[in-house]
Structures are given as C-alpha cells and as structure tokens.
Amino acid sequence: MRNKAKLAGLAAGISFLALGSAQAVEIEYWQYVFDTRVQAMDQLIEKFEAANPDITVKQVTFPYADYQTRVVAAKVAGQGPDVVQLFYGWLDNFVNGELIQPLDPAVFPAAEIEAEFFPIVSAMKRGDAYYGLPTAVRSLALFYNKALFTEAGLDPANPPQNLADFLAAAEATTKRDGGGNITSAGVTLDMAGQDHHWWREVLIRQNGGVPYDEAGDVAYNDAAGAAALKYYTDLQTASKVGQVGFMDEGQAAFRAGLAAMTIDGTFRLGAFADNPFEWGVTELPADANGLRSNYSSYFANAIGSGAQGEELAASQKFLAYITSPEAMEIWLNVVGELPARRDVALTEANLADPVRAPFLKGLEYAHTTKFYDEAGQRQVAIDMVNRVLLEGQSIEDSLAAAATAEQAIIDAATK
Amino acid sequence: MASDSITGEAASSRLWDRFSIKTKRVIWAWTFLALPILFYAGIRFYPTLQAFWLSLTDWDLLRPANFIGLVNYQKMFADPVFWKVFQNTFLYLLIGTPLSLVLSFVIAFYLDRVRFMHGFIRALYFLPFLTTAAAMGWVWRWFYQPVPIGVINGVLGSLGIEQQPFLRSTVQALPTVLVPAIWAGLGFQIIIFMAGLRAIPSTFYEAARIDGLGEWAILRKITIPLLKPTTVFLVVFSSIGFLRIFDQVYNMTTNDPGGPLNATKPLVLMIYQTAFSSYQMGYAAAQTVVLFSILLAVSLLQLWIMREKK
C-alpha cells in the first residue's frame, strides 16, 4: 500500500515536471570545446536563465575538428542548433547551406550594429542582412620573453616597434650550439599557426601591396607579395633566427621558454598565463614608415535556420544577451578575448592594461581576410613557404604557384 | 480462436516434417546466417554500392546530389596532388610490406629458439601493437624533432653527425613516418609467424637432419615452403594495412596533414580531407572507389601469385 502511494506520488511528480518543461522553451546553443569558452558560456546561460525563467538553454559542444561536420550533419538530419557559433570565415558555407538565417532587422537594426561594434563585424553582412554577431574579437600581437630579452642585453621594457628592431632583437636572442643548430629561437616561424595571417594582412601591406583586390581575387602575386615572402623566409634562410618546425609548434617553443618572440592571438593569453617566466606583449612591428597592420578575426553567434516561432523569439533574446556589454565583460574576464563592442573594449582600464592594450590598438588598424576555405587557403600559404625552404624554389615561382592555387579555391567557392 | 492456432500449428509441423534432414539443415543454416548477412548487407554492402553512386555526383552534404557522370574521375586524374598521393600510397606498400615481413620473420625465427625470458621478449615485441596509434605517433613525432628536444637528432649531434630534418624533409618524411608504422605492426606479425613455425611438425626437421641437411637448406626447403599459408595471410593483411595507413601519418603531421608538400599524404588522408574539410563528398567517394579498386586488385593479385601450384 505504502509503495503504491509512493509510486503514485512519483508519477504525479514526473508528470508535473513534464508539464513544467512543456511550458518553457528550450533552445540549444552549439559551440566547440575549449575549456574557458565553455565555462564562460555556462555563466552566461545561468544569468540569462535567471532573467528569463521561461527559457532554458542547453549548451552542446563538439571537438573543434568535428565541429563543422556536426553542424552540417545535424542540418541534414533536421536537428540543427537554435543558436550556433561559427567562425566568420565559414559564413558563406553556412549561408549557402542554409544552416543559419539572417538576423531580423527589427530586433538587430543594422545601423545600431554598425555604430556600436568594431567595423570588422561587417564580415557577417551579406547584402543588407547581418547573419550573426560576435561576443568577442581577436587580434594578433607580438609576445616576447622578458627573461631571454634581459639575458641578451635587451631592455624588456622596450620591445621592438618596427621590423628592423624586430630582426635585431631576434638576432640578439637566438642561441645556437657548436654545430650552428638553433637551441633557442629568436622568433618562431609557424605558418600553420598565425604566421600566414601576419604574412597576408601585415607584411604584404607593409611592402606596399594588398592581399586581395576589390572583387576578392588574389592580388599578392607582385613585387610586394614577393618582398613579404622573402622577408619571412629570410628569417630562416638568411638571418637564421628561427626555424620552421622548431619545437614542433611556435607556441610550444615560446611556452617552453625556447623562443624569444612569437606572433599569436588573444586566444593564447590563457595558455601563456602560467608560463614559468615573465613575458610581455607588444603591437606587431611597424614598417620603416611606421605603417602598422593587424589581422582580426572572431567567432560569431548566429541563429540556426531551424529556429521558428517561440524558439526563434527565445533565440533572438539569447543572442541579444550574449552580445550585450555585460556578456562581453564576462567573456573578457573568463576567456580573455576582446569585447566586440567599441565602448566595452576601449575603456581606460583596458587601454592601460599592458597585456590587453596592444591587442586593442591592433584592432583599430586590423584587416579581416574574407576566407572561402580557411583550411585550404592556409594550406596554400604553408606550401608556399615549404617550397622555398625545403625545395629551394625561387620566391617568385613559389608565390605565383600559391596565387594560382588560392585563386582556384576562391573560384570554386564563388562560382 | 484456439482451434485455429492448433490447426495452423499442425499444418506447419506437417510441412516441416515433409522436408528431408538435408533440407532442414540448409534451412537452419540459412536462418542463423540471415542475421549477419542482413547486418553486413546493411552496414557494409549497401554503403559500398552507395559510394559508387556518390562518386558520380556532386554531393556536398548540404545540397541534394546531382548526377554529373565521370567529372569527379576526370578531375582526380588531372590533379597532380592525386598522383603524388597515389605514389605515396604505393611507396608505403612497397617499402612497408616486404620490410615488415622480413623483419618479423627473422625475429620470429630466432625468437622461436630463445628459451631465456622467451615470454618477456615476445611481450616486448607485441607491446607496440597494443599501443594507441595516436599516442605512438606523437611520441615518435617528438623523437624526430630537431635539437634541443629531438632524441634522435640529439644522439646524432653528440656523435658529430649532421642534423637530419626527418619530418621536415620532402624526401625523408615518408620513410620517417613508415618506421613507427612498421614497428607497431611487428608484434602481431611475429606472433603469427611463430604460430606458423610451431605448426611445422618437428619430425620433418628430424628427418632432414638425419639426411644431413644444413640449417640453410632446412630453412629454404622446409621452413619457408611450409610457412606459405602464414606468409600469404600476412602479406595480404599487411598490404591492406599499409594501403590504408592513416593514424601514424595524421598524428605525426597534424600541423600540415600529409605534409610537407604532400610528401607523406596517403590516399586515405586525402579522402578524409576531401570529405571532412572540403565537404566534397562526391569527389571523396570517387577517391574511395579508386582505393577500393586498388585494395581489391592488390589482394587478388597476391592471392593469385601465391596460390598453391597443383
């Protein structure tokens, strides 16, 4: 008898719970696995749910390597996310595949977005419609190891500000063994990391060129492109201050304290935080005329094409919240990525912060490459450098081959 | 209701009784076989056929597939990267299979005679086979690094030998990746060879010794011929393994998969990238069909070459 009563109570409880969840809207948020990003999102969801008790947000994560495949596969199965994170360079793929829907201009007015966000957010615009908004943006900077600087007799408070000083610092900090092999690099060379952005958006421009023309076609197959490539490969072949593959990866070499300088992004701040030595950050070196450039990128949040009716309204609320100033503060503190809204990012406190300031300054003159196939275009840059370093191909021939290969990727994506 | 089912049962049992024992056996056999056959048809044969169809389409996961005839194949045969990858795949096969078989035979042959710590030594050889390919790939990747962290280059340096680029060379990279792949498979092949060696009746050896045959003659006239079934199995098995090499290559070159400059890229890695980085499922399916044909042709060829001559 008592058991029956318990069972009835349990049944009633369950049906009550079911009733409760039937009234609330549940939406799914998808992003890739990266510890601090998942933690930050957990905090945002908690705060959002407290303010909107009728909405529950379920965070779903996948390993980065599988992420796009999962999103695509889910769409084919008709079970896509309501709010989804995507790299800005994937936008065309996601729009063409109808994985996401344009943002409703009534909820997210274009004029407001353009006034409040950094201009790089325009990479999420197709025609008149915005397809997503970022919480945070990333830019590049030069990380340097203060201990190695001091050891080499350089002033750790005065990191190099132009390419000539940069090279001099690299030469001063490089250590070699008796056989001439590098045992501690002046600068990391890792085209598979962030160096291809440095070459494409910074070095080419500093040599007077542009990576792509107005139509989005390859425009670097000229003297500027060649000079930029030569500057880069000379770091290994002529001045011998770095070596591709040294310590396997550039960031690993820097972390191990075996590289004095490395170019990397805001997202590396977390990983470098517990480096067992003092390090600093400075803006990417300017050229002889003081011209600076930078590459900025971001993951945006978009609304999945499957979200309709109640779920769409809930998704819009959630998207508005995770791109709000409050969310950006949380993201900055947990993940370390820069706020995508100008007034949240460019505060006095942030501009006085020795680590955040160089990245923020970089944002003001940053360019955002319009990628069609990020992995494929990066591979073209990796191969270009390898042909020069490993096969002894001339700078001009390798550059021309890279331009042809990258243009083929662009053509395949746009036609 | 009740009487209906009884008459039904009676009818069916009468039908069953009419079959001969032989027919009954066949029916039972097929009944038991039906499940695995259905299973294999569903998860193996149907997808295989589907892949043949996909290779004739431009499917990209997102849009419905359109029939485009042999365009994928034309594109593939005109692509220099495909031919490079094709060549790599055969290099893995042509270096990997003979080398691993000779090594494992020699080790098995001598290990078979070792009594001292036999089990322990055998376990040592077998251990790499149990190790995850990914973990192994990464450890070897570090072995191959330049100084200061690369163990191999460190040893070379202390001997006064010039540093080798290993994974950072278009010439050395492929053999460099192949070494751990061979090493990992060795344990399995040794065990199989040793089982084969043990299966040869000792009377043959005794007779040969009484007849005054030398060790070399015994090896050539008795051991190797009688190991033929074992050898055929291992040749086919390891050939398929090397033709499908992926884990070692991918884990040792993740920064630039199959690089540098496609020097280590096998067909399977190219298929993976075409399908899951570029989402060109049709094109990837065409590459898969080529891989399937190679595997089939190589296996049939080997079985034909090594068939019993009657």
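Since this is a predicted model, take the numbers as computed values, not measurements.

Analysis parameters
Residues numbered from 1 in each chain as written. Chains lettered and ligands numbered in written order. Predicted model: local features only at pLDDT ≥ 70, side-chain atom pairs only at ≥ 80, totals over all residues. Heavy atoms only, no water. Helix = DSSP H or I, 4+ residues; strand = E, 2+ residues; numbered from the N terminus. Rg over C-alpha atoms; globule rule 2.2 N^0.38 Å. Buried < 20%, exposed > 50% of the residue type's maximum accessible area, 1.4 Å probe, protein only. Areas by Shrake-Rupley, 256 points an atom, 1.4 Å probe, with all protein chains shown as cover. Lys, Arg positive; Asp, Glu negative; His and termini not counted. Charge placed at Lys NZ, Arg CZ, Asp CG, Glu CD. Salt bridge = Lys/Arg side-chain N within 4 Å of Asp/Glu carboxyl O. Contact = heavy atoms within 4.5 Å. Buried area = accessible area lost by both parts, 1.4 Å probe. Polar contact = N/O pair within 3.5 Å; in protein donor to acceptor, adjacent residues only side chain to side chain. pLDDT = per-residue confidence, 0-100. Domains from an automatic or database assignment. Patch = residues over 30% accessible without salt bridge, like charges linked within 9 Å, V, L, I, M, F, W, Y side chains within 5 Å. Pairing = 2+ DSSP bridges. Right-handed = clockwise from strand over helix to strand, strands pointing away. Axes fitted to C-alpha atoms, helices over the stretch in contact; angles between N-to-C directions. Parallel < 35°, antiparallel > 145°, perpendicular 65-115°, else oblique. Left-handed = near helix turned anticlockwise from the far one by under 90°.

Novice: Help me understand the overall build of chain A in this model?
Specialist: Counting its regular elements, chain A contains 18 helices and 14 strands. Relative to its length of 415 residues, chain A is compact, with a C-alpha radius of gyration of 24 Å against a globular reference of 22 Å. The dimensions of chain A, computed from C-alpha atoms along their principal axes, are 90 × 50 × 40 Å. Among the 415 residues that make up chain A, the fraction classed as buried is 53%. Working note: accessible area of chain A is about 17300 Å², and carbon and sulfur atoms make up 53% of it. Taken together, the 30 basic and 53 acidic charged side chains of chain A have centroids lying 5 Å from each other.

Novice: Honestly, unusual backbone geometry in this entry has me stumped. Any pointers?
Specialist: With the exception of glycine, the majority of residues adopt a negative phi angle, and the majority of peptide bonds are in the trans configuration. Residue and element names in this part refer to chain B. The step from V147 to P148 runs through a cis peptide bond, and the omega angle for that step is 5°. As for its position among the elements, P148 is in the loop between α6 (133-143) and α7 (151-158). In this model, G259 is joined to P260 through a cis peptide bond whose omega is 0°. Within the secondary structure layout, P260 lies in the loop between α12 (247-252) and α13 (267-276).

Novice: So what exactly am I meant to see when it comes to the pattern of salt bridges here?
Specialist: Close approach of charged atoms allows side chains of opposite charge to pair. All names here are of chain A. Within this structure, the stated rule accounts for 18 salt bridges over all chains. In this structure, the salt-bridge partner of E201 is R205, at a minimum N-O distance of 2.7 Å. Taken together, the positions of E201 and R205, both in helix α8 (residues 191-206) and four residues apart, correspond to about one turn of that helix. Relative accessible area serves as the criterion here: at 1%, E201 is assigned to the buried category. R255 is paired through a salt bridge with D274; the nearest N and O atoms lie 3.9 Å apart. Here R255, found in helix α10 (residues 250-255), pairs with D274, found in the loop between α11 (269-272) and β11 (279-282); they are 19 residues apart in sequence, far enough to count as distant. Looking at R255, the relative accessible area reads 36%, which means it is partly exposed.

Novice: Honestly, the interface of chain B and chain A in this entry has me stumped. Any pointers?
Specialist: How big an interface is tends to be expressed through the accessible area that disappears when the partners come together. Taken together, the contacts link 22 residues of chain B with 31 residues of chain A. Carbon and sulfur atoms make up 55% of the area that chain B and chain A hide from each other, which totals about 2300 Å². Summed over the shared surface of chain B and chain A, the number is one salt bridge. Notably, a salt bridge pairs R141(B) with D248(A), separated by 2.8 Å at the nearest N-O pair. Counting the contacts that link chain B with chain A gives seven residue pairs in polar contact (both at pLDDT 80 or more). At three residues, α6(B) tops the list of elements feeding residues into the side of chain B that touches chain A.

Novice: I tried to follow the confidence of the model for chain A on my own but got confused; where do I start?
Specialist: Any segment with low pLDDT has predicted coordinates that should not be analysed in fine detail. All names here are of chain A. Here chain A averages 90 in pLDDT, and 94% of its residues register 70 or above. Helix α1 (residues 2-23) is the least confidently modelled element of chain A, averaging 50 in pLDDT, while helix α9 (residues 223-237) averages 96, the highest of any element. With pLDDT under 50 throughout, residues 12-22 is counted as low confidence; its partners more than four residues away or in other chains account for zero contacts.

Novice: Help me understand the domain arrangement of chain A, please; the structure alone is not making it clear to me.
Specialist: All names here are of chain A. For chain A, the domain assignment lists domain 1 (25-138 + 297-367) and domain 2 (140-295 + 371-414). When each unit is reduced to the centre of its C-alpha atoms, the spacing between domain 1 and domain 2 is 29 Å. Residue-level contacts link 22 residues of domain 1 with 20 residues of domain 2. The largest per-residue losses of area from domain 1 upon contact with domain 2 belong to F359, Y365 and H367, which jointly make up 36% of the total buried on that side. At the boundary of domain 1 with domain 2, the tally comes to zero salt bridges. On inspection of domain 1 and its partner domain 2, the count reaches four residue pairs in polar contact (both at pLDDT 80 or more). Listing elements by their share of the side of domain 1 that touches domain 2, those giving two or more residues are α4 (91-96), β7 (133-145), α16 (356-364) and β14 (366-367).

Novice: Would you mind going over the environment of K75(B) with me for this structure?
Specialist: Residues and elements named next belong to chain B. Relative to the helices and strands, K75 resides in helix α3 (residues 71-77). With 97 residues separating them in the primary sequence, K75 and Q172 have C-alpha atoms 29 Å apart. Excluding anything up to four places from it in sequence, K75 contacts Q280 and Y283.

Novice: Help me out: how do you make sense of a negative patch on the surface in this one?
Specialist: A contiguous patch of negative charge on the surface is contributed by E26(A), D54(A), E310(A) and E311(A). Note on placement: E311(A) falls in helix α12 (residues 309-322).

Novice: Could you clarify how one ought to interpret the side chain of N72(B) in this entry?
Specialist: All names here are of chain B. Positionally, N72 belongs in helix α3. A polar contact is formed between the side chain of N72 and the backbone oxygen of G282, at a distance of 3.4 Å. Contact partners of N72, with chain neighbours within four places excluded, come to L54, S55, T57, G282, Y283 and A286.

Novice: Could you clarify how one ought to interpret the pairing of strand β1 (residues 25-32) of chain A in this entry?
Specialist: Residues and elements named next belong to chain A. Within β1, six of the eight residues are buried, which leaves the element mostly enclosed by the surrounding structure. Sheet topology note: the β1/strand β2 (residues 55-62) ladder contains eight bridges and is parallel. Bridge pairing links Q31 to T61 in β2. Remark: the β1/helix α2 (residues 35-51)/β2 crossover connection has right-handed handedness.

Novice: Even after reading the chapter, I still don't get the packing of α9(A) against helix α17 (residues 374-391) of chain A, so can you show me in this structure?
Specialist: A pair of packed helices can be characterised by two numbers: the angle between their axes and the separation between those axes. Residues and elements named next belong to chain A. Viewed as axis vectors pointing N to C, α9 and α17 meet at an angle of 45°, and their least axial separation amounts to 11 Å. Comparing their axes, α17 and α9 come out oblique. Where α9 crosses over α17, the handedness of that crossing is right-handed. From α9, L229, Y232, T233, Q236 and T237 reach across to α17, where they touch M384, V385, V388 and L389.

Novice: Is there a simple way to think about the side chain of Q407(A) in this case?
Specialist: Residue and element names in this part refer to chain A. Within the secondary structure, Q407 sits in helix α18 (residues 395-414). Residue class for Q407 comes out buried when judged on its relative accessible area of 17%. In this structure the side chain of Q407 is engaged in a polar contact, spanning 2.9 Å, whose partner is the side chain of D217. Setting aside its immediate chain neighbours within four residues, Q407 contacts D217 and V218.

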